[in-house]
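The lines below spell out each chain.
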2 protein chains.
Amino acid sequence: MAAQAPDVSLVKKDAHPFERAQLEGLMTKRFFYTQAFEIYGGVAGLYDYGPSGAALQANIINHWRSHFIIEEDMLELDTTIMTLSDVLKTSGHVDKFADWMVKDTKTGEIYRADHMVENVLEARLKGDEEARAKESGAGAAAAAAAAPAADDKKSKKKAKAVAVKLDDAQVAEFHKILAQIDDYSGAQLAELIKKYDIRAPASGNEVSEPTEFNLMFESYIGPTGQTKGYLRPETAQGHFVNFERLLDFNNGRVPFASAQIGKSFRNEISPRAGLLRVREFVMAEIEHYVDPEKKTHARFNEVENIVVPLLHRDVQKAGETTVKHITIGEAVRSGMVDNETLGYFLGRIYLFLEAIGIDTQRLRFRQHMDNEMAHYASDCWDAELFTSYGWIECVGCADRSAFDLTMHSQRTKRDLMVQEPLKQPKVYQKYVPTLNKKVLGPAFKKDAKLIEDTINNLDQDALKALEADLAAGNASLEANGQTFSITNEHLTVEYKTIKESVRNFTPNVIEPSFGIGRIFYALLEHSFWSREEDKERGVLSLPPLVAPFKVLIVPISSNEQLSPLAQQISKKLRSLGIASRIDDSSATIGRRYARNDELGTPFACTIDFASVSKGTITLRERDTTSQRIGTVDQVVDVVKQLCDGRLDWKGACQILPAYTGTQDVEA
Amino acid sequence: MAAQAPDVSLVKKDAHPFERAQLEGLMTKRFFYTQAFEIYGGVAGLYDYGPSGAALQANIINHWRSHFIIEEDMLELDTTIMTLSDVLKTSGHVDKFADWMVKDTKTGEIYRADHMVENVLEARLKGDEEARAKESGAGAAAAAAAAPAADDKKSKKKAKAVAVKLDDAQVAEFHKILAQIDDYSGAQLAELIKKYDIRAPASGNEVSEPTEFNLMFESYIGPTGQTKGYLRPETAQGHFVNFERLLDFNNGRVPFASAQIGKSFRNEISPRAGLLRVREFVMAEIEHYVDPEKKTHARFNEVENIVVPLLHRDVQKAGETTVKHITIGEAVRSGMVDNETLGYFLGRIYLFLEAIGIDTQRLRFRQHMDNEMAHYASDCWDAELFTSYGWIECVGCADRSAFDLTMHSQRTKRDLMVQEPLKQPKVYQKYVPTLNKKVLGPAFKKDAKLIEDTINNLDQDALKALEADLAAGNASLEANGQTFSITNEHLTVEYKTIKESVRNFTPNVIEPSFGIGRIFYALLEHSFWSREEDKERGVLSLPPLVAPFKVLIVPISSNEQLSPLAQQISKKLRSLGIASRIDDSSATIGRRYARNDELGTPFACTIDFASVSKGTITLRERDTTSQRIGTVDQVVDVVKQLCDGRLDWKGACQILPAYTGTQDVEA
């Protein structure tokens, strides 16, 4: 999607303006993450998480597990990454899970076609703005400010903006194309490339016709080379192939949900957006199985009053990106969101993102347009988060209808259906044919099977007519262009009373699917700022719920008297399940606090000589840098409450007095 | 290793004899795990974990994280599965990570060579036992009992035992071969196959010469087909390539450890031992970096009195499998275990396995023999667990020396060393050459570089001689078969005083590496039994620490009055972090308890009409089936203490009175 920045007042007050390079520097310096195989030159689209990043990721996943799986008794799965090719053939991935790529006709460099078009048109729009700004005398600064997101996008291969004014109609057209850029087929992209003479940004050469590239990594299972496998591109198929066992585990009843957290893989054509477009990533996926005739949700009332920002498909088709703020209840009642279950999950997703520290003013739910929607989906809303790369899809929430289960059932001849006992058996009458195979076989020989299939496929009207014809003795059957005479000896048709006490149906699947790495990155951008008085150093305002470490323990000097107390506090916090780190390096106290801020550690306990003589330590809060004082037990108790979310900093300040550097504290 | 069963009295008292098929039936019925892509016919060596298995696995991993990572402040990592081929070339995996395979010369069926030899020789030994039993008149039953483990091994392709008596020398020889089966090279396996006329078990045909098959899954990264990747066969390389950043994160100091939990892959030739030999598996690996001159461990005293069963390499070479029970302290002091750090981890591994419910009498630590040891290791001990498949390697604990860091450093020209500031600077004298490049270059032209390299590689004796020759004016240098005359104008040699204040060294790495799936399976075998009075149904005596669900909540009937209370207890337990499941199916109470036993759920809360009228519920313990009674709050409090390990069942019985079916309880 083309980027439209939310209200600029969102930037943290008193903060230095956001610079992505600064955040990225912090990420490697404090080892949140780094490019994989860096010492070997690195591989695009592969990242390793270090201790801070691994802990932050683990905390996000833990909260996900508790918010979704545990809270709703979902059935957790752990299925294989290596996937039999037949399974992905059935799901459509072997044929359709592809992106369009183009090649520079001279250098051979490869581009993802839609990204190249987007990139070039954005550069032309930017050039137009600059040209207009020059005309009006406002200068380049204003123009640059007008397109903050496009500026950073795809920094390595980006098309350069040249100050060329476009006519107004063309500007409008480009905006419209960009609003729908995810919606184009290969042929349409080829047309755009031709129409607007779009060339390889790095060289200015012409590019080849777009061709499809399948995004799955392939390999062979076993030594024979005969069993083909792919690394799964999503965890979902692992749920569907186990549907029978899951349903049985749930005593045969729907609705229920399965959930899985694990790695998936996409062999991206040309990944260049940091953690946002990677070849290996953690997903957390829920498959919620519902009766297609009853997509209500028992706990809908818990979310219906949440106001969410929705960007409807029709708005996008008109080339607009204006969101509507509306309660989930209203969105479902008005039909904007298809059903209660889909609405329920939009609400739960919103609450999850809010809890881990996402700025909800940089969140919107965008509905998929028709071409853009995955081949299996009947409706889909993405939770998008605004970052310096623009709006990024972080959670997909799709109604996959009965697509997957139906396809797997057809392919494997397994009955992937729910049997619902009917309270009131369904009683009705219908015409039922009974074949007399002993006579039919010898009479029609090789055609017997054809006749049998034809009869079994007749509808009620045809059966009714056949009954009459048989009674009249002039029955015949058309099959495969031939006509066969048949009699009461071959078959009978009766009008029978049928009593059904079970209803069979294939459940529909609502799928909330989370890209954990993208959420992780957006959260870092939303949490990052730097103090006006110390622009060089960043602060990560991560909530205690997800911060990698909750407490930094800082002995004020390397004096040996202080070390045992640091160990003792660390042990006490560990026994309460609170992750802490001791920083007993020789750096100044200010520098160690700054390191604390860069790690996003919300609290610091400082040990000084008063700690040894009077048993007091100070507690520093990251965002305000204010310090309070108390005995070790008082401080640890306050920290526990802060980490559990039972207390905020204001509350903590009512319990612990401000630290003035001199006072005593009552034990 | 050839299987030697531990003392048979280990089988649980009053238990029905262990039958693997019964355990496997329970695993699929209660959806612990199942073959992956079962509805597509399945793929050997790939398994999916269902809700019970995923929860059990998650609990094992959680305890691992707490026992190792949190307890010892290890630096957790999450690095990529997809690995650049260069990295695995450096580590030796591209060249050496292979097994020997043979092909049936007629059918083309493929066997892993060492497994085939083992399998055929075991079958011959069994045939011999049967023949001897017949001779002595004891019958086949005794013979079968004599080899319980071999009987089930590799059930699908196993060689059939034919009752043929062997001479005593041959029997001894076969036993000796089996005791060393992991120690043979391809050529040695070829020799054994020829010498003993070993043929394909399924067909009796001859097999081909053993050839190497690399066990890594390969793929290509990106659309060009030029960047080769492998799925990692271990997580270890992801630690080593990040060593610089890890060391920096730890303020430049050793010892410290990094840890990682994640999937790894091995493209096994012919996997047929259930969860024990799989193509995709979860590993948990620790890389502990130590000073090679100081392999002591600060917390060694915490483990030195633990008695562990050790099987020394020399004992195995003699064809024996007798373990020695010895304290870790003694094992290290006697040199049996190489150093304190290795010993420390053997102790920690022992405590971990004991805590999750492994029967420590079915555990031994076996030292690797020379050929068997991985190419990088200088010493290695495996924690092996006894199962119906024999003794299985579940944890490897290797001293990888400086192998990996040295190799990666040489290949990438990165300095993967620790700089230790010396308290006392090291002062010494040595001869130091200084080249005058401005003269050297023009004088020797294309040979100048050769001369420079030769001089820089001279040892102290040669430099001393060179100094004397230069002073005498008759210096010359031999390089590449040529002799060059050199003078004081080209270079000078001085005897200088050197002061070093930093010591540089490449740390050694001690690596405890856990196969979580194998531990998971061994734990299930160690926990499984069935009651004499109900042989058909299994019981899994899993400790509360790892049991998938801690409490089953069972309303005694489907009466609507009971349902809200079940929900209320479930919610109460959830808020305490205790996983529970409600079973409100229409099955009888006995059947629901049995289901509880099969899931390994240690406790059940039963809700009856007294629960509604008097507020009491009963608490049933799985292993004893005894029941106690109390108010909801009393029972929940006891359950919490039981799950936290603060109380055992005996203690619980002192708090809650026995349930007699009639009594009231004081609130």
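Thresholds applied
Residues numbered from 1 in each chain as written. Chains lettered and ligands numbered in written order. Predicted model: local features only at pLDDT ≥ 70, side-chain atom pairs only at ≥ 80, totals over all residues. Heavy atoms only, no water. Contact = heavy atoms within 4.5 Å. Buried area = accessible area lost by both parts, 1.4 Å probe. Salt bridge = Lys/Arg side-chain N within 4 Å of Asp/Glu carboxyl O. Polar contact = N/O pair within 3.5 Å; in protein donor to acceptor, adjacent residues only side chain to side chain. Nonpolar A, V, L, I, M, F, W, Y, C, P; charged D, E, K, R; others polar. Pairing = 2+ DSSP bridges. Helix = DSSP H or I, 4+ residues; strand = E, 2+ residues; numbered from the N terminus. Axes fitted to C-alpha atoms, helices over the stretch in contact; angles between N-to-C directions. Buried < 20%, exposed > 50% of the residue type's maximum accessible area, 1.4 Å probe, protein only. Patch = residues over 30% accessible without salt bridge, like charges linked within 9 Å, V, L, I, M, F, W, Y side chains within 5 Å. Areas by Shrake-Rupley, 256 points an atom, 1.4 Å probe, with all protein chains shown as cover. Core = buried A, V, L, I, M, F, W, Y, C linked by side-chain atoms within 4.5 Å. Parallel < 35°, antiparallel > 145°, perpendicular 65-115°, else oblique. Least-squares fit on C-alpha atoms with pLDDT ≥ 70 in both. Phe/Tyr/Trp six-rings, centres within 6.5 Å; stacked < 30°, edge-to-face > 60°. Lys NZ or Arg CZ within 6 Å of the ring centre and 35° of its normal.

Q: When you look at the interface of chain A and chain B in this model, what are you seeing that I'm missing?
A: Accessible area lost during the coming together of the parts is what is often quoted as the interface size. Taken together, the contact pairs 80 residues of chain A with 80 residues of chain B. Carbon and sulfur atoms supply 60% of the area that chain A and chain B bury against each other, a total of about 6,500 Å² over both sides. Here Asp78(B) ties to Lys263(A) by a salt bridge, and the two come within 3.5 Å at their closest N and O atoms. Our count for the contact surface shared by chain A and chain B stands at 32 residue pairs in polar contact (both at pLDDT 80 or more). Partitioning the side of chain A that touches chain B into residue classes produces 35 nonpolar, 20 polar and 25 charged.

Q: Mind showing me how you'd approach the sheet that holds strand E9 (residues 227-231) of chain A here?
A: Strands belonging to one sheet form pairs held by backbone hydrogen bonds; the direction of such a pair is parallel or antiparallel. All names here are of chain A. Ordered by their spatial adjacency, 3 strands build an open sheet running E4-E9-E8, and the pairing between neighbours is antiparallel. If you trace the sheet from one side to the other, it starts and ends with strand E4 (82-84) and strand E8 (218-221), each paired once. Averaged over neighbouring strand pairs, the angle between their axes works out to 45° when direction is ignored. Judged from the 4 bridges that link them, E8 and E9 form a sheet pairing that is antiparallel. Bridging across to E9, Tyr220 finds its partner in Lys228.

Q: Before we go on, may I ask you to explain the pairing of strand E5 (residues 98-103) of chain B in this structure?
A: Residue and element names in this part refer to chain B. Pairing geometry for E5 and strand E7 (residues 211-214), over 4 bridges, is antiparallel. Counterpart to Met101 in the pairing with E7 is Thr211. Both E5 and strand E6 (residues 110-112) contribute to a ladder of 3 bridges, which runs antiparallel. Paired with Met101 across the strands is Arg112, a residue of E6. In this structure, the hairpin formed by E5 and E6 is closed by a connection of 6 residues, where Gly108 is found at a positive phi of approximately 80°.

Q: Would you take a moment to explain the side chain of Thr34(B) for this structure?
A: Mapped onto the elements of the fold, Thr34(B) is located in strand E1 (residues 33-35). Residue Thr34(B) is classed as buried on the basis of its relative accessible area of 2%. Looking at Thr34(B), its side chain comes within polar contact range of the side chain of Glu38(B), at 3.0 Å. Thr34(B) has contacts with Asn242(A), Arg245(A), Thr28(B), Tyr47(B) and Asp48(B), leaving out every residue within four places of it along the chain.

Q: Honestly, a nonpolar patch on the surface in this entry has me stumped. Any pointers?
A: Residue and element names in this part refer to chain B. Where nonpolar side chains cluster on the molecular surface, the patch consists of Ile556, Phe609 and Val612 and spans about 240 Å² of accessible area. Within the secondary structure, Ile556 sits in the loop between strand E24 (551-555) and helix H20 (563-575). Since its relative accessible area comes to 38%, Ile556 is described here as partly exposed.

Q: Looking at this model, I keep getting lost on the sheet that holds strand E24 (residues 551-555) of chain A. Mind explaining?
A: Residues and elements named next belong to chain A. Reading across the sheet, the 5 strands line up as E25-E24-E26-E27-E28 and stay open at both edges, with mixed pairing between neighbours. Each end of this open sheet is capped by a strand with a single partner; those strands are strand E25 (580-582) and strand E28 (627-631). The sheet shows a mean angle of 25° between the axes of neighbouring strands, taken without regard to direction. Sheet topology note: the E24/strand E26 (residues 603-607) ladder contains 5 bridges and is parallel. Bridge pairing in E26 places Pro555 opposite Ile607. Each of E24, E25, E26 and strand E27 (616-621) touches helix H20 (residues 563-575); the most contacted strand, E24, lies at about 165° to it.

Q: So what exactly am I meant to see when it comes to the pattern of salt bridges here?
A: When charged atoms on two side chains of opposite charge get close, those side chains can pair. Within this structure, the stated rule accounts for 98 salt bridges over all chains. With its nearest N and O atoms 2.9 Å apart, the salt bridge here joins Lys263(B) to Glu280(B). Of the two residues, Lys263(B) is situated in strand E10 (residues 256-265) and Glu280(B) in strand E11 (residues 280-290); the sequence distance between them amounts to 17 residues. Here Asp379(B) ties to Arg313(B) by a salt bridge, and the two come within 3.4 Å at their closest N and O atoms. Of the two residues, Asp379(B) sits in strand E15 (residues 379-387) while Arg313(B) sits in helix H12 (residues 313-317), which places them 66 residues apart along the sequence. Per residue, the accessibility class of Asp379(B) equals that of Arg313(B), and both read buried. In this structure, a network of salt bridges that share partners links the residues Asp99(A), Arg112(A), Asp114(A), Glu268(A) and Arg277(A).

Q: Help me understand the nonpolar core in this model?
A: Generally speaking, soluble globular proteins have nonpolar side chains that are buried together. In this structure, Tyr33(A), Trp64(A), Phe514(A), Tyr33(B), Trp64(B) and Phe514(B) are the most contacted members of the largest nonpolar core, which totals 213 residues. With sequence-adjacent residues up to four places away left out, Tyr33(B) is seen in contact with Met27(B), Thr28(B), Tyr47(B), Asp48(B), Tyr49(B), Gly50(B), Leu275(B), Phe520(B), Tyr521(B) and Leu524(B).

Q: Is there a simple way to explain unusual backbone geometry in this structure?
A: All names here are of chain A. At the junction of Val254 and Pro255, the peptide bond is cis and its omega measures out at 0° in the coordinates. Summarising the element assignment, Pro255 is placed in the loop between helix H11 (243-249) and strand E10 (256-265). Positive phi outside glycine occurs at Phe37, with the angle close to 60°. Following the sequence through the fold, Phe37 ends up in the loop between strand E1 (33-35) and strand E2 (47-49). When its relative accessible area of 4% is taken as the criterion, Phe37 is described as buried. Non-glycine residue Ser401 carries a positive phi angle of around 50°. With respect to the helices and strands, Ser401 occurs in strand E16 (residues 390-401). By relative accessible area, which is 21% here, Ser401 ends up partly exposed.

Q: Can you help me understand the packing of helix H16 (residues 437-444) of chain A against helix H17 (residues 448-456) of chain A in this one?
A: Working note: a packed helix pair is described by the angle between its axes plus the distance between those axes. Residues and elements named next belong to chain A. Relative orientation of the contacting elements H16 and H17 amounts to 130°, with a least axis distance of 8 Å. As far as their axial angle goes, H17 and H16 are oblique. In this structure, H16 contributes Lys437, Leu440, Gly441 and Phe444 to the contact, and H17 contributes Ala448, Ile451 and Glu452. Of the residues that constitute the contact of H16 with H17, the class distribution is 4 nonpolar, 1 polar and 2 charged.

Q: Sorry, what's going on with the environment of Asn559(A) here?
A: Residue and element names in this part refer to chain A. By the element assignment, Asn559 lies in the loop between E24 and H20. Assessed through its relative accessible area of 31%, Asn559 is described here as partly exposed. Considering only alpha carbons, one finds Asn559 and Asp608, 49 residues apart in sequence, at a separation of 9.5 Å.

Q: What am I meant to see in the relation of the copies chain A and chain B here?
A: Between the two copies of this chain, the relationship is a rotation about some axis together with a displacement along it. Least-squares fitting of chain A to chain B yields an RMSD of 0.2 Å, with the superposition described by an axial translation of 0.0 Å and a rotation of 180°. Between the two chains, the operation in question is that of a two-fold axis. No C-alpha of chain A approaches the rotation axis more nearly than that of Ser219(A), which lies at 2.7 Å. Comparing contact sets, 100% of the residues at the interface of chain A also lie at the interface in chain B, consistent with an isologous, same-surface contact.

Q: Where do I start with the packing of aromatic side chains in this structure?
A: For any two aromatic rings, the description comes down to two numbers: the centre-to-centre distance and the angle of the planes. Applying the stated criterion to the full structure yields 42 aromatic pairs over all chains. Ring plane angle 15° and centroid distance 6.3 Å describe the contact between Phe243(A) and Phe256(A), whose orientation is recorded as stacked. With Phe243(A) in helix H11 and Phe256(A) in strand E10, this pair connects stretches of sequence that are 13 residues apart. Accessibility classification places Phe243(A) together with Phe256(A) in one group, the buried group. The ring of Phe549(A) carries the charged tip of Arg581(A) above its face, separated from the ring centre by 5.6 Å. The ring of Tyr389(B) carries Arg20(B) above its face, with NZ or CZ at 3.5 Å from the centroid.

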